[in-house]
Amino acid sequence: LILVLALLVVITSLAAPAMANFIRGRALDSEARRLFALMHAGQSRAVSEGMPMVLWVDEKNGAYGLEAETTGKNGKNANDSDPKAETLTVDSTLQIAVLNTGLSMPTTFNNLPAIRFLADGSVDENSPQTLQLTDTAGFSRWLIEGRNRMGYEISNTKQ
């Protein structure tokens, strides 16, 4: 009985670090897929409703969301609230970053970096090309704009 218990302790001590890495990787992949799904929903809404949708990212508070782009005074009309707007929070073990490489006038929404989906389903040319999700161990997933500007894809590398 003692020998069996000793073997279980050895096996558990070998398997625990691998399981921790697996669970951490699952949180990163799950968040990347959730963000990707929200992007797809925004693109679909832009096409079906015939108006631009904005996916904003709040890097400091670890949140992102999707809203219809409304116009009015200062680009936002208080009477035009979006009943289908969504706000999501990034997992507490992850950080989100917007990489605006080479953009002279990046798209913003309420002073936050944003991806703008146009009514034809394409991505606005001033939208960020890359979003990065990073976990506490330094592992990252990137959501990179496609070459044809028709959406984003998840990548394990920044290229």
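Residues numbered from 1 in each chain as written. Predicted model: local features only at pLDDT ≥ 70, side-chain atom pairs only at ≥ 80, totals over all residues. Heavy atoms only, no water.

Asks: Can you tell me about the nonpolar core, naming the residues and giving the values?
Replies: With 24 residues, the main nonpolar core has Leu 35, Met 39, Leu 55, Tyr 64, Ile 115, Leu 131 and Leu 133 as its most contacted residues. Every element with two or more residues in this core is listed here: helix 1 (2-49), strand 1 (53-58), strand 2 (63-68), strand 4 (94-99), strand 6 (112-117) and strand 7 (130-135). Those residues in contact with Leu 55 that sit more than four places away from it in its chain are Leu 35, Leu 38, Met 39, Gly 65, Leu 66, Pro 113, Ala 114, Ile 115 and Phe 117. Judged by nonpolar contacts, the second largest core, of five residues, contains Val 54, Trp 56, Ala 63 and Phe 109. (Core = buried A, V, L, I, M, F, W, Y, C linked by side-chain atoms within 4.5 Å. Buried < 20%, exposed > 50% of the residue type's maximum accessible area, 1.4 Å probe, protein only. Helix = DSSP H or I, 4+ residues; strand = E, 2+ residues; numbered from the N terminus. Contact = heavy atoms within 4.5 Å.)

Asks: Which residues make up the pairing of strand 7, and what are the values?
Replies: Burial runs high along strand 7: six of the six residues are buried. Side chains Thr 130, Gln 132 and Thr 134 project from strand 7 onto one buried face, and the interleaved Leu 131, Leu 133 and Asp 135 project onto a second face that is buried too. Here strand 4 runs beside strand 7; their pairing, made up of six bridges, is antiparallel. Within strand 7, the residue paired with Ile 96 across the bridge is Leu 133. Two elements, strand 7 and strand 8 (residues 140-145), share five bridges in a ladder whose sense is antiparallel. Within the sheet, the bridge partner assigned to Thr 130 lies in strand 8 and is Ile 144. What sits between strand 7 and strand 8 in their antiparallel hairpin is a turn of four residues, with Gly 138 showing a positive phi close to 95 degrees. (Pairing = 2+ DSSP bridges.)

Asks: Just give me the short version of the sheet that holds strand 7, but keep the residues and values in it.
Replies: The strand order across the open sheet built from four strands is 4-7-8-9, with neighbouring strands paired in antiparallel fashion. For this open sheet the edge positions go to strand 4 and strand 9 (152-155), each flanked by a neighbour on one side alone. Here the average twist between neighbouring strands, direction ignored, is 20 degrees. Pairing of strand 8 with strand 9 involves four bridges; the strand directions are antiparallel. Each residue of the ladder has a partner; that of Glu 145, found in strand 9, is Tyr 152. (Axes fitted to C-alpha atoms, helices over the stretch in contact; angles between N-to-C directions.)

Asks: Can you tell me about the pattern of salt bridges, naming the residues and giving the values?
Replies: Following the criterion strictly, the structure yields seven salt bridges and no others. Two residues, Arg 141 and Asp 29, come together in a salt bridge whose shortest N-O distance is 2.7 Å. Linking Arg 141 in strand 8 with Asp 29 in helix 1, this pair joins segments that are 112 residues apart in sequence. The exposure class of Arg 141 is buried, given its relative accessible area of 16%. The salt bridge partner of Asp 124 is Arg 116, with a shortest N-O separation of 3.7 Å. By relative accessible area, Asp 124 is classed as buried at 14%. One salt-bridge network, in which partners are shared between bridges, spans Arg 45, Glu 49, Asp 82 and Lys 84. (Salt bridge = Lys/Arg side-chain N within 4 Å of Asp/Glu carboxyl O.)

Read these as geometric descriptors, not functional statements.
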